[in-house]
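# Residue-level structure breakdown
Listed here are the chains, written in short residue letters.
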Amino acid sequence: MPEGHTLHRLARLHQRRFARAPVAVSSPQGRFAGSTVDGRVLLRAGAWGKHLFHHYEPARGGPIVHVHLGLYGAFREWRVPSGGEALPEPVGQVRMRMVGADYGTDLRGPTVCEVIDEARVSDILARLGPDPLRSDADPSWAWGRITKSRRPIGALLMDQTVIAGVGNVYRSELLFRHRIDPYRPGRAIGEAEFEGAWTDLVDLMKVGLRRGNIITVSAEHDHGPPSYLPGRPRTYVYRRTGEPCRVCGEPISTAVLEGRNMFWCAACQQ
């Protein structure tokens, strides 16, 4: 599942390529009410956690397209042909197609793609924790939830009502970087530990936003077995079950926590 930095990158891309101009919006698959926003001016695109929002005119009360990519959703960008040539045929089950003056994009496989209003946006945001990539993020709100909870910190970090935008990679890597056992209850996390981890998380996600990849391994530890997939950056623990820890050499452990695979070094994260 794409993590929060991916949605912020998409929001920036769509803002740059489609905003402040009319956008042709359709649903080749027929499962999205694209006619509601078709031909309207896209005012702005933004993200909160793993949710993407396209705000259309008018400025007050205009329709908003809400997208949650889920496990399989993805946008495919393409250039609009010049010289009056026909647009490319949709490939696969395209839920939403957006066409601007110079670029188009096709959305396939999202968990959510819907037209909503401001009241519905407020309802969605009310259920989300602070987003580390937003300037208005309030980490004290997340800390208040964590310090009162008996749930494992490894589960709390993946709970979008606690912190929005953190997925399995950032969860696993952040806990390793701060030598925190993922099974430690939230209420056993010290405030200084949380503040250090939050600051680190913000920095890591900003790198992901800027570079388009999750980069978590420090230069001095960038050695040993390659990354878990071709073309992916190295990780400390994520998807490295049984491989030697890049710091201590002990094998990386894995287990299922609240339905998701978790990775950690039992020697480093005591």
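Here the residue numbering is sequential within each chain, running from 1 through the sequence in written order. In keeping with the predicted nature of the model, local features appear solely for residues at pLDDT of at least 70, side-chain atom pairs appear and are counted solely at 80 or more, and the whole-chain, interface and lining totals rest on all residues. Side-chain calculation: all heavy atoms of the structure are included, whereas hydrogens and water are not.

### With respect to the pattern of salt bridges
Heads up, the rule is: Throughout this description, the term salt bridge denotes a Lys or Arg side-chain nitrogen within 4 Å of a carboxyl oxygen of Asp or Glu. In this description a helix means any DSSP run of H or I spanning at least four residues, a strand means any run of E spanning at least two, and both kinds are numbered starting from the N terminus. The cut-offs for exposure are 20% and 50% of the maximum accessible area for each residue type, with area from a 1.4 Å probe on protein chains only; residues under the lower value are buried, those over the upper are exposed, and the others partly exposed.
Scanning the model with the defined rule gives 9 salt bridges in all. The residue E77 makes a salt bridge to R17 at a minimum N-O spacing of 4.0 Å. On the criterion of sequence distance, the pair formed by E77 in strand β5 (residues 74–79) and R17 in helix α1 (residues 4–18) is long-range, its members being 60 residues apart. The exposure class assigned to R17 is partly exposed, which follows from its relative accessible area of 26%. When salt bridges that share partners are traced, they join R76, R97 and D106 into one network.

### Concerning the packing of helix α3 (residues 139–146) against helix α6 (residues 191–211)
Our working definition: Helix axes are fitted only over the stretch in contact, all axes being lines through C-alpha atoms; the angle between N-to-C directions runs from 0 to 180 degrees. These descriptions rest on fixed angle ranges, namely under 35 degrees for roughly parallel, over 145 for roughly antiparallel, 65 to 115 for roughly perpendicular, and the rest for oblique. Handedness of a crossing is defined here by the sense of rotation of the near helix relative to the far one, left-handed for an anticlockwise turn of less than a right angle and right-handed for a clockwise turn. Any pair of residues with heavy atoms lying within 4.5 Å of one another is described as a contacting pair. The classification used treats Ala, Val, Leu, Ile, Met, Phe, Trp, Tyr, Cys and Pro as nonpolar, Asp, Glu, Lys and Arg as charged, and all other residues, Gly among them, as polar.
Two numbers describe how α3 lies on α6: the axes approach to 11 Å, and their chain directions differ by 135°. The orientation of α3 relative to α6 falls into the category oblique. The two elements α3 and α6 cross, and the hand of that crossing is right-handed. Contacts from P139, A142, W143 and I146 of α3 reach α6 at E191, F194 and W198. When grouped by side-chain class, the residues that make up the contact of α3 with α6 number 6 nonpolar, no polar and 1 charged.

### Some words on the nonpolar core
How we decide: Here, nonpolar core means buried Ala, Val, Leu, Ile, Met, Phe, Trp, Tyr and Cys residues that are tied together by side-chain atoms lying within 4.5 Å of each other.
Core analysis: the largest hydrophobic core is formed by 35 residues, its most contacted members being I153, I163, Y170, F176, F194 and L201. Listed by contribution, the elements that provide at least two residues to this core are α3, α4 (153–156), α5 (168–177) and α6. Broken down by element, this core gets its largest block of residues, 8 residues, from α6. Not counting the four nearest positions on each side in its chain, L201 is found in contact with P132, I163, V166, Y170 and L174.

### Remarks on the pairing of strand β9 (residues 253–257)
Basically, it comes down to this: Between any two strands, at least two bridges found by DSSP are needed for them to pair.
Bridge count for β9 against strand β10 (residues 260–264) is 5 bridges, and the pairing is antiparallel. Within the sheet, the bridge partner assigned to L257 lies in β10 and is R260. Linking two consecutive strands that pair antiparallel, namely β9 and β10, is a turn of 2 residues; a positive phi of about 50° is found at E258 within it.

### Remarks on the side chain of H14
Relative to the assigned elements, H14 resides in helix α1. Discounting residues that sit within four places of it in the chain, H14 has contacts with A19, L42, A45, L52, H54, F75, E77 and T105.

### Considering the domain arrangement of the protein chain
Where interface size is given, it is often the accessible area lost as the parts come together that is meant. Selection criterion: Note that the domain bounds reflect an automated or database-derived domain assignment. Accessible surface is computed with a 1.4 Å probe, and the buried area is the amount of it that two parts give up when combined, taken over both parts together. As used in this structure description, the phrase polar contact means that two N or O atoms lie within 3.5 Å; if the pair is within protein, one of them must be able to donate a hydrogen and the other to accept it, and residues adjacent in sequence are counted only when both atoms belong to side chains.
With domains assigned, the protein chain is organised as domain 1 (4–126) and domain 2 (139–265). Contact with domain 1, which involves 8 residues of that partner, is made by 14 residues of domain 2. When the two sides are added together, the surface that domain 1 and domain 2 hide from each other amounts to roughly 780 Å², 64% of it contributed by carbon and sulfur. Taken together, domain 1 and domain 2 are joined by 0 salt bridges. Here domain 1 is connected to domain 2 by 3 residue pairs in polar contact (both at pLDDT 80 or more). In terms of residue count, the dominant contributor to the side of domain 1 that touches domain 2 is α1 (5 residues). Residue composition of the side of domain 1 that touches domain 2, by class: 1 nonpolar, 4 polar and 3 charged.

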